[in-house]
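# Report on the structure
Here's the letter readout for the chains.
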Amino acid sequence: MSAGTVRPEELAGLPDHSAELAQLVGQAAGAPSLSWDAVNVPMIRHWVEAMGDENPVYVSDEAAQAAGYDSLIAPPAMLQAWIMRGLKLSNEVEAARAAGTSQGDGPSNRMMALLDDEGLTSVVATNCTQKYGRPLVVGDRLLVRSFIESISDPKRTALGTGRFVTTRLDFVAVPDASVPPAPQSDEQVQALYDAGEPVATMRFRILKFLPVQRQAPRPPRPHPALTQDNAFWFAGAQAHQLLIQRCMSCGTLRHPPLPACGVCGSLEWDTVASSGRGTLYSYVVVHYPQVPSFEYPLPIGLIELEEGTRVVANLDGMALEDIEIGMALRAEFVDHDDELSLPVFVPARSGGER
Ligand code: ZN
């Protein structure tokens, strides 16, 4: 930590690794890595199609030549795609990290361990910038090496107090023909990297932070906008009854509430009480955006009642992985406050009323 800065009081009592962190700045996060494939037309075509980028210089030599290039070029923003290590390997690396068996004690792992030990256990990516030296062309083989560029003093943010960490990735290119056959030794990869032509730099910044403790109880659940059409339904819920509107002329049931029957047009209606039994017709699990009144992940079901109408409600009493379309459910009622009670649906076989 630089002289003269005041350590935020919320970090009082937590370890301060400023001195050791400062020594990691400027160090390489690990050895260089070599891209699996050279820059090639099929990957470019897939990428521009997926991104909806119709610039012809990415797919046509003629268009690229008209724009002043020798041949078609790769989209600059595709930079990272060339050096991705693949899902299987990524999963293995993540699993090793989670199990604490990450290979080696490189500066990057050491830095993350120090930040965790400081209590800055949460992480969020904040921004990423890329700077391009020249366009990538077919036959370029990329190598990348990352460096710990900066670690800030602890700063207060809306998410919590933490340190910003900037990692710089230096990309170089060599002719694919100069790459020895796989598997390349570490020495061969290092020699290729040292011989490479710098083509791009990427800076990736994260915030490692101390999670803000919940300071206030969860705010109350927002209330619905009541209208003369829907008020009966919420009044029913307050009495722990799941009501369904019924046309008094033709008997058709309807939900959500509407002023007129969709079948015969009659404005006359009454209600029937549902048994609360039904099956899960569809559902979503909401992760984001998060409203403080709710707990996340938040499963929301579309339940087909045995009377035939469908209702949207929270799902409860089940693990997310146990949610299945078609599962039998029953309604329970939760009193959120004096004026708002709502049904939630739980597995039909689960225990008694709460
Ligand atoms: Zn009707």
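Residues numbered from 1 in each chain as written. Predicted model: local features only at pLDDT ≥ 70, side-chain atom pairs only at ≥ 80, totals over all residues. Heavy atoms only, no water.

### With respect to the overall build of the protein chain
For clarity, the threshold we go by: Secondary structure elements are defined from DSSP: runs of H or I of at least 4 residues count as helices, runs of E of at least 2 residues count as strands, and each element is numbered from the N terminus. Each radius of gyration is computed over the set of C-alpha atoms, and the globule rule expresses the reference value as 2.2 Å times the number of residues to the power 0.38. To sort residues, take the accessible area from a 1.4 Å probe on protein chains only and compare it with the maximum for the residue type: under 20% means buried, over 50% means exposed, and anything in between is partly exposed.
The helix and strand inventory of the protein chain stands at seven helices and 14 strands. Computed over the C-alpha atoms, the radius of gyration of the protein chain is 29 Å, more than 25% above the 20 Å expected from 2.2 N^0.38 for a compact globule of 354 residues. Overall size of the protein chain, expressed as C-alpha extent along the three principal axes, is 85 × 60 × 35 Å. Here the protein chain holds 354 residues, and 36% of them are scored as buried.

### Some points on the coordination of the zinc ion
Applied cut-off: Note that water is not among the atoms considered, so a metal site may appear incomplete; the donors listed are N, O and S atoms within 2.8 Å of the metal, with 3.2 Å applied to Na, K and Ca. By the criteria applied here, four donors are tetrahedral when all angles lie between 85 and 135 degrees, four are square planar and six octahedral when opposite donors are over 155 degrees apart and every other angle lies between 65 and 115, and any other arrangement is irregular.
Ligation of the zinc ion by protein atoms is provided by Cys247 (SG), Cys250 (SG), Cys261 (SG) and Cys264 (SG), these donors lying 2.3 to 2.4 Å from the ion. With four donor atoms in place around the zinc ion and angles of 99 to 115° between them, the coordination shape is tetrahedral. Taken in sequence order, the residues that donate to the zinc ion follow the motif C-x2-C-x10-C-x2-C. With cysteine 250 in the loop between strand S7 (243–247) and strand S8 (253–254) and cysteine 261 in the loop between S8 and strand S9 (269–273), this pair connects stretches of sequence that are 11 residues apart. Given the relative accessible area of 37%, cysteine 250 is considered partly exposed.

### Some points on the domain arrangement of the protein chain
Rules: Domain boundaries shown here were taken from an automatic or database domain assignment.
Its domain assignment divides the protein chain into domain 1 (4–39 + 74–211) and domain 2 (231–352). The straight-line distance from the C-alpha centre of domain 1 to that of domain 2 is 48 Å.

### Some details on the pattern of salt bridges
Let me state the cut-off plainly: Salt bridges, as used here, are contacts in which a Lys or Arg side-chain nitrogen is within 4 Å of a carboxyl oxygen on Asp or Glu.
Counted according to the given criterion, the structure contains 16 salt bridges. Shared partners join several salt bridges into a network, and the residues in it are Arg7, Asp16, Glu118 and Arg163.

### Brief notes about the side chain of glutamate 118
Looking at the secondary structure, you find glutamate 118 in the loop between helix H5 (107–117) and strand S2 (122–132). On the accessibility criterion, glutamate 118 (2% relative accessible area) is buried.

### Comments concerning the environment of glycine 30
Our working definition: Any two residues having at least one pair of non-hydrogen atoms within 4.5 Å are treated as being in contact.
Along the chain, the position of glycine 30 falls in the loop between helix H1 (18–24) and strand S1 (33–34). Residue classification places glycine 30 among the partly exposed positions, given a relative accessible area of 30%. Between the alpha carbons of glycine 30 and isoleucine 148 there is a distance of 9.8 Å; along the sequence they are 118 residues apart. What glycine 30 contacts, discounting residues up to four positions off in sequence, is Arg145 and Ser146.

### Describing the sheet that holds S9
Rules: Paired strands, in this sense, are two strands between which DSSP finds at least two bridges. Here an angle of 0 to 180 degrees is reported between the N-to-C directions of two axes, which are lines fitted to C-alpha atoms, with helices fitted over the stretch in contact.
Across the sheet, three strands lie side by side as S8-S7-S9; this open sheet has antiparallel pairing. Looking at the sheet topology across the chains shown, the edges are occupied by S8 and S9. In the packing of helix H7 (residues 231–238) onto the sheet, contacts are made with S7 and S9, and the angle to S7 comes to roughly 140°.

### Looking at the sheet that holds strand S10 (residues 277–286)
An order of S10-S11-S12-S14-S13 is seen for the five strands of this closed barrel, with the pairing classed as mixed. Here the average twist between neighbouring strands, direction ignored, is 50°. Bridge count between S10 and strand S11 (residues 298–305): eight bridges; the pairing is antiparallel. The residue bridging serine 282 from the neighbouring strand is leucine 302, located in S11.

### Some points on the pairing of strand S13 (residues 328–335)
Pairing geometry for S10 and S13, over three bridges, is antiparallel. Looking at S13, one finds that glycine 278 is bridged to leucine 329. With seven bridges joining them, S13 and strand S14 (residues 341–347) adopt antiparallel strand pairing. By the bridge assignment for S14, aspartate 335 is matched with serine 341. Counting the residues in the hairpin turn of S13 and S14 gives five residues.

### Thoughts on the environment of alanine 235
Its location among the elements puts alanine 235 in helix H7. By relative accessible area, which is 44% here, alanine 235 ends up partly exposed.

### Digging into the packing of aromatic side chains
So the rule is basically this: Only rings of Phe, Tyr and Trp enter the pairing, Trp through its six-membered ring, and a pair is recorded when the two centres are within 6.5 Å. The plane angle decides the type: under 30 degrees is stacked, over 60 is edge-to-face, the rest tilted.
A complete count under the given rule lists two aromatic pairs for this structure. Measuring from centroid to centroid gives 4.9 Å for phenylalanine 232 and tryptophan 269, while their planes differ by 50°, and the two rings are tilted. Taken together, the residues span a long stretch of sequence, with phenylalanine 232 in helix H7 and tryptophan 269 in strand S9 at a distance of 37 residues. By relative accessible area, which is 27% here, tryptophan 269 ends up partly exposed.

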